[in-house]
There are 2 protein chains.
Amino acid sequence: MKSIADYSTDIENGIRSLEFPGGNLSTLYEPIKYALSAGGKRIRPVLVLMGADAFGKDMTKAMRPAIGIETFHNFTLLHDDVMDKSSVRRGRPTVHKKYDENAAILSGDTMLTLATQLVAEVEDDKLRRVLDTFNDMAIKVYEGQRLDMDFETAETINLSNYLEMIAGKTGSLIGAAVKIGAIIGGASEEDAQKMYEYGVMTGLAFQIQDDWLDTFGDSTTFGKPIGGDINNGKKTYLYVAALEESNQTAAALRAAYEIPSGEMRVKTVTRLFEKLGMSEKCKKAVGHYSSKALKALNSTSLGAEEKEAFKKLAEKLIGRKK
Amino acid sequence: MKSIADYSTDIENGIRSLEFPGGNLSTLYEPIKYALSAGGKRIRPVLVLMGADAFGKDMTKAMRPAIGIETFHNFTLLHDDVMDKSSVRRGRPTVHKKYDENAAILSGDTMLTLATQLVAEVEDDKLRRVLDTFNDMAIKVYEGQRLDMDFETAETINLSNYLEMIAGKTGSLIGAAVKIGAIIGGASEEDAQKMYEYGVMTGLAFQIQDDWLDTFGDSTTFGKPIGGDINNGKKTYLYVAALEESNQTAAALRAAYEIPSGEMRVKTVTRLFEKLGMSEKCKKAVGHYSSKALKALNSTSLGAEEKEAFKKLAEKLIGRKK
């Protein structure tokens, strides 16, 4: 197994060498190139390569599908940014800001089909399993995104709703990435399914940790201003868990969110979360899903070196940016 | 072979029996059901059934892929309506008007993946060919849509640009529909490719005829008010062909389009088209592509009855709504 940094470099090089039609179609393909060049951790495609490498000692066959998974991920970000009316992503204007909304919609659609084409570049006897995994995952991602949008106006949400949402929006893609890699590497259906479980659980832990960092993290290492979720009234793990504590707590929380966006609201809500022990509850949940991920990983037929590599990746994703 | 009306009824029944998750996900799936229930001629899925029936004497295996093709078609209409800011489709509010723009974007994305899943419901040994045909077609449709959008602001367009645009946006989907049906029916690659050609050429003839009808048709049978394209400044076959006549003509045409939208503009432009012989030129082009379609059809290994059925369908699509 290579280091995560090396897999990541392979992905960057692979993306850079993608070829698109030019001519009078640059209006369709320039926004795609722009979206794919934004960088980022490339965790999802790295997991495809790692899956293939771990089970088949050959990551080259997984390169195009890995780029397909990254293309899918970026397609969802592109359309999410249109729906959320976000202006900035990774320090650059979002696609619909740099080009326009129609370009973002149509080039996004194109990315979804390109992603499907790239993911389908596998041996014929693996096509059905890989394609089904990919399409099932895509549906889960849309369902998760829809729940997330509905939560903005929902009267009550419980932790089970919240977990369903992040399992769809975040977990399923990480799970499908590593499962597709495993299938390409020749994993048994049983092992592939366990790796999916490892991925989903890692995704849940990652998302809950991300919610925690947004309130309790350090802005210099987190990369975003702290308190953004509180200011935007986002239904995070902290919020939903606090809401479940008691009717009294729920009322206090709702009152705190009546404070106009700004430092005052962030401070008030953060203190309330602390008082309720939500920081610890959140951390506990991260630990819970992390250990579920490791349990699934350890139950596979992989050797010690491979297990260690996936363990490291999960740690990097979840635990190392306090 | 059945009658076109019977295949169409089969498709309606198939769409009606599609099942979607309910519960708290109705916000995702209701817009999809709404979009799919709009009716219409269902020509594209009918062509899938006919392809399978003609080559394999069995349309049942093609039912789910046929619905997938119709789902894809409706996905493109849904996103096109968002991009064009259209309020009405087939006499009902468009999806983004009935729900909202975010619902139209996200439920549209979901329809694209659902379409891919349905189209992939073929025997394993046909999956690669069917999937490749579907994905290649989808890319052509997006490219055609992009060209169409770019034409709105383009200084000059020639007939070759115009034909490239409608071949992508309209021709490729009709071609892919019948080709996918043919593959499912067990057609050779050669026959499948000829049927694709038949479909693309039928699509071109249909689109050019549609342009003609929008200016020279009868509003009662056309189903839309006459002159809509002229009022919207659309770059139709008539417009682009007239533009190519001479610099003088182009100047006269541009001047006529300076007239504010309304009866006066429609009359002036229509008279100019007539004077330039554009109605005949347009009709000639329809005949040209229709006979190309028939030539491709006749070169297949199909029997007389099957050829007759596809000939009838092309006639119905192109010629019967003056």
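Analysis parameters
- Counting restarts for each chain: residues are numbered from 1 in the order of the written sequence.
- In the order they appear in the text, chains get letters beginning with A and ligands get numbers beginning with 1.
- For this predicted model, a pLDDT threshold of at least 70 governs which residues receive local features, and a threshold of 80 or more governs which side-chain atom pairs are given and counted, while totals over whole chains, interfaces and linings are taken from all residues.
- Note: side-chain values were computed over all heavy atoms of the structure, leaving out hydrogens and water.
- Stacked, edge-to-face and tilted are the three classes for Phe, Tyr and Trp ring pairs, Trp counted by its six-membered ring, which pair at centre distances within 6.5 Å; planes under 30 degrees apart are stacked, over 60 edge-to-face, the rest tilted.
- Sitting over a ring, as applied to charges here, requires NZ of Lys or CZ of Arg to be within 6 Å of the ring centre and within 35 degrees of the ring normal.
- Note on classification: 1.4 Å probe, protein chains only; a residue is buried when its accessible area is under 20% of the maximum for its type, exposed when over 50%, partly exposed between these limits.
- For helices the rule is a DSSP run of H or I covering at least 4 residues; for strands it is a run of E covering at least 2, with both sets numbered from the N terminus onward.
- Any pair of residues with heavy atoms lying within 4.5 Å of one another is described as a contacting pair.
- Buried area: the sum, over both parts, of the accessible surface (1.4 Å probe) that disappears when the two are put together.
- Put simply, a salt bridge is a Lys or Arg side-chain nitrogen that is within 4 Å of an Asp or Glu carboxyl oxygen.
- We define a polar contact as two N or O atoms separated by no more than 3.5 Å, with the added condition that, inside protein, one atom must be a possible hydrogen donor and the other a possible acceptor, whereas residues neighbouring each other in sequence contribute only through side-chain atom pairs.
- Gly is put with the polar residues, along with every residue not named as nonpolar or charged; the nonpolar set is Ala, Val, Leu, Ile, Met, Phe, Trp, Tyr, Cys and Pro, and the charged set is Asp, Glu, Lys and Arg.
- A score between 0 and 100, pLDDT records how confident the predictor is in each residue.

Caption draft 1: Structural context of the packing of aromatic side chains. Counted under the stated rule, the structure contains 20 aromatic pairs over all chains. By way of ring pairs, the aromatic residues F72, F75, F134 and Y142 of chain A are connected into one cluster. Over the aromatic face of Y34 of chain A sits the side chain of R92 of chain A, whose NZ or CZ is 3.9 Å from the ring centroid. Its guanidinium or amino end placed over the ring of Y196 of chain B, K179 of chain B lies 5.8 Å from that ring's centre, counting from NZ or CZ.

Caption draft 2: Spotlight on helix α2 (residues 26-36) of chain A. Those residues of α2 of chain A that sit buried are L28, Y29, P31, I32, Y34, A35 and L36 of chain A. Where α2 of chain A is buried, its residues touch α1 (4-16), α4 (63-84), β2 (92-93), α5 (95-98) and α6 (101-119) of chain A together with α7 (124-151) of chain B.

Caption draft 3: Molecular detail of the interface of chain A and chain B. Contacts between the two partners involve 42 residues from chain A, matched on the other side by 42 residues from chain B. For the pair chain A and chain B, the summed buried area comes to about 3,700 Å², and 60% of that belongs to carbon and sulfur atoms. Between D124 of chain B and R128 of chain A there is a salt bridge; the shortest N-O distance is 2.9 Å. In this structure, the connection of chain A to chain B is made through 20 residue pairs in polar contact (both at pLDDT 80 or more). When contributions to the side of chain A that touches chain B are tallied by element, the ones reaching two or more residues are α2, α4, α6, α7 (124-151) and α8 (159-184) of chain A. Here the side of chain A that touches chain B gets 15 residues from one element, more than from any other, and that element is α7 of chain A. Residue composition of the side of chain A that touches chain B, grouped by class: 21 nonpolar, eleven polar and ten charged.

Caption draft 4: Local environment of the confidence of the model for chain A. The predicted model of chain A averages 95 in pLDDT, with 99% of residues at 70 or higher. Reported for the predicted complex are a pTM of 0.96 and an ipTM of 0.96.

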